[in-house]
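Take a look at the letters that make up each chain.
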Amino acid sequence: MEKGLISVDRWADGSQVYFLTHLHSDHTQGLSSTWAKGPLYCSPLTAKLFPFKFPNFGLSLLRPLHTNSWHSLSLISPSSASKTLLQVMLIDAHHCPGAVMFLFRGEFGCLLYTGDFRWEANSERAKRAKTMLIDALQGDVVDTLYLDNTYCNPSYVFPHRDIAAQQIVDIIASHPEHDVIIGIDTLGKEDLLLYISRALNVKIWVWPERLQTMHLLDFHDIFTTNTTLTRVRAVPRYSFNINTLEGLNSMRPTIGIMPSGLPWVLKSLEGDETLFGSLLTSRYNKRKWSANSGTGPDKLNGVERFHKYIYSVPYSDHSCYKEIQEFVELIQPTNMKGIMSSSSCYVDPLYYFGRFSRADQPSQRLHDQHESKEGGKRDLAFRGKSYLGSGDVLEAKRKRGGIAKVNILGVRLSRVSALRRFRRGAKIGECDCHD
DNA sequence: GCGATCAGCT
DNA sequence: CACAGCTGATCGC
């Protein structure tokens, strides 16, 4: 990017200004508290949450911009070396708290970078955002659409989040004597937890750092770190597995719920072999499949009981295929690129939506995601995962263990990790766990 | 000792 | 596969 002007969710050298769509880790790789490459623009909510993730970040470089209005930035044109004006508007992506799309106007034309987004047909928030976007465009053509193509395949079919949330409430209500754990990430799915809390009139347990995040998000009273106050706990997704559930069930009857657009892949208890692997070759089949082969599918509207303790519910913060299609039909961009471009799973949106773009592009670009050959559009760097070759040479199996662990409700932490958490302000010693 | 980065894993 | 992200190891300072 020697001629770089702007970067979105990408943190290499060479751009004059940087933009962050939201605070999930796969979009902040390369960012650190020692950042000094240039101003970083984001939504006001992302800016509020930002210091929690990057405690010593130089706040003079953090530039929150309000959504739904144009902002002008004066930059130096990479081509003419003279001043050039960049206009940007932030639009609600309804993905996780603070998540936005960026609409750019400048000498390069008009670009729309969606970041991760979910715009459901029945969502008032999405309708408002859509109106903002259309009004902002004022009939202008989007030259390049950088699109959240996470679920850009017709096999990805899942319901609106309010439907999936009610499915989860129903599962919990049908297990009145059970504890419930729900797998979540460091940010996102707060609306789901809020819905559960209101529908069942329960508080929700979260781990200490997550409670801090909830307070930053102005959620008070609903969430607690006291396990005696509720039977419903939201736990880090990475701590959520069959072994965790088996262990919890040796103490109390407990079910686990995985809200995800992706189906859950079971691992054997030995952790080595994927169960039912031969049947999980297509995502469509995976959603169809029930692990309980002896008694037939235990499945309702996308909800699956993968395991006697575990439910997978299709609650997704990314748009499903149909929603992506509707978005592309709405924008009708001249050109399009997927922002999720790991080499093994990249699906070029043009493959499915080329007919909705203004240019009649052949689908030959299916695996051409890494290079932009249209000279004028090279100003925008976009996120792409770097891929090393198979560097497994000399890679000996490292011995695990030998390190003391502290256990927080199935969350296994090394001392190093506990220290990291402590530095970030978590008071692990005050976490009243019941195991 | 610390931060940045990477492989590995879920 | 991989939504997003943790863990532990290594390396350079």
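Model, not experiment: these values are computed from the prediction.

Let us look at the overall build of chain A. The number of helices and strands found in chain A is 10 helices and 21 strands. Per-residue burial for chain A yields a buried fraction of 51% across its 435 residues. Put simply, 64% of the contacts in chain A that link residues at least 6 apart link residues at least 24 apart. Within the structure as shown, chain A displays about 21000 Å² of accessible surface, and the carbon and sulfur contribution to it stands at 51%.

Before going further, it helps to spend a moment on the pairing of strand β9 (residues 144-147). Because side chains alternate across β9, one face comprises the buried residues Thr144 and Tyr146, and the other comprises Leu145 and Leu147, equally buried. Bridge count between strand β8 (residues 109-113) and β9: three bridges; the pairing is parallel. Residue leucine 111 lies in a different strand from β9, and its bridge partner there is threonine 144. Viewed along the sheet, the connection from β8 through helix α2 (residues 124-137) into β9 turns out right-handed.

This brings us to the layout of surface pockets. Considering only enclosed or pocket space, the second largest pocket measures out at about 790 Å³ in volume. The wall of the second largest pocket is formed by 37 residues, among which Asp92, His94, His95, Arg125 and Asp191 lie closest to the centre. Elements with a contribution of two residues or more to the lining of the second largest pocket: α1 (44-53), α2, α3 (161-173) and α4 (190-200). It is α4 that provides the largest number of residues to the lining of the second largest pocket, a total of six residues. Split by domain, the lining of the second largest pocket shows at least three residues from each of two domains, domain 1 (6-155 + 319-427) and domain 2 (161-313).

Defined simply, a disulfide is a covalent bond joining two cysteines at their sulfur atoms. Scanning the entire structure with this criterion turns up zero disulfides. Just so you know, cysteine 320 is unpaired, no disulfide at all, and the nearest cysteine sulfur is the one on cysteine 152, 11 Å from it. Judged by relative accessible area, which is 6%, cysteine 320 ranks as buried.

Within the largest apolar cluster, 85 residues are counted, with the highest numbers of intra-cluster contacts made by Leu40, Ile257 and Phe327. Looking at which element gives the most residues to this core, the answer is α3, with six residues. Of the residues that make up this core, three or more belong to each of domain 1 (6-155 + 319-427) and domain 2 (161-313). What leucine 40 contacts, discounting residues up to four positions off in sequence, is Trp11, Tyr18, Leu20, Leu31, Trp35, Phe50, Phe57, Leu61, Leu62 and Arg63.

Once that is clear, we can look at the environment of lysine 127. Mapped onto the secondary structure, lysine 127 falls in helix α2. A sequence separation of 64 residues divides lysine 127 from arginine 63, and the C-alpha atoms of the two residues are 27 Å apart.

Moving on to the pairing of strand β13 (residues 232-236). Most of β13 is tucked away, with five of its five residues classed as buried. Bridging between strand β10 (residues 179-184) and β13 involves five bridges; their strand directions are parallel. The residue of β13 that forms the bridge with valine 180 is valine 232.

The subject of this paragraph is the packing of α3 against α4. In the contact formed by α3 and α4, the axes pass within 10 Å of each other and the chain directions differ by 45°. The orientation of α3 with respect to α4, classified from their angle, is oblique. When the axes of α3 and α4 are compared, the crossing they make is right-handed. Counted together, Asp162, Ala165, Gln166, Ile168, Val169, Ile172 and Ala173 of α3 and Leu192, Tyr195, Ile196, Ala199 and Leu200 of α4 form the full contact between these two elements. For the contact of α3 with α4, a count of residues per class yields 10 nonpolar, one polar and one charged.

The next point concerns the environment of glutamate 246. Within the secondary structure, glutamate 246 is located in helix α6 (residues 242-249). Glutamate 246 sits 143 residues away from leucine 103 along the chain, and the two C-alpha atoms are 48 Å apart. If near-sequence neighbours (up to four positions away) are discounted, glutamate 246 is found in contact with His307, Lys308 and Tyr309.

At aspartate 218, a position not held by glycine, the phi torsion is positive, near 70°. Along the polypeptide, aspartate 218 turns up in the loop between α5 (208-216) and β12 (223-224).

Quick look at the confidence of the model for chain A now. In this model, chain A carries a mean pLDDT of 76, and residues with pLDDT of at least 70 account for 70%. Under a pLDDT of 50 for its full length, residues 266-298 has, in the predicted model, 55 contacts with residues more than four places off or in other chains. In the predicted structure, residues 360-435 sits below a pLDDT of 50 and forms 128 contacts with residues beyond four places in sequence or in another chain.

Conventions and cut-offs
Residues numbered from 1 in each chain as written. Chains lettered and ligands numbered in written order. Predicted model: local features only at pLDDT ≥ 70, side-chain atom pairs only at ≥ 80, totals over all residues. Heavy atoms only, no water. Helix = DSSP H or I, 4+ residues; strand = E, 2+ residues; numbered from the N terminus. Buried < 20%, exposed > 50% of the residue type's maximum accessible area, 1.4 Å probe, protein only. Contact = heavy atoms within 4.5 Å. Areas by Shrake-Rupley, 256 points an atom, 1.4 Å probe, with all protein chains shown as cover. Pairing = 2+ DSSP bridges. Right-handed = clockwise from strand over helix to strand, strands pointing away. 1 Å grid on protein atoms, 1.4 Å probe; cavity = no way out; pocket = protein on both sides within 12 Å on 5 of 7 lines; lining within 4 Å. Points joined across faces, edges and corners; volume = space filled by probe spheres on them. Domains from an automatic or database assignment. Disulfide = S-S within 2.5 Å. Core = buried A, V, L, I, M, F, W, Y, C linked by side-chain atoms within 4.5 Å. Axes fitted to C-alpha atoms, helices over the stretch in contact; angles between N-to-C directions. Parallel < 35°, antiparallel > 145°, perpendicular 65-115°, else oblique. Left-handed = near helix turned anticlockwise from the far one by under 90°. Nonpolar A, V, L, I, M, F, W, Y, C, P; charged D, E, K, R; others polar. pLDDT = per-residue confidence, 0-100.

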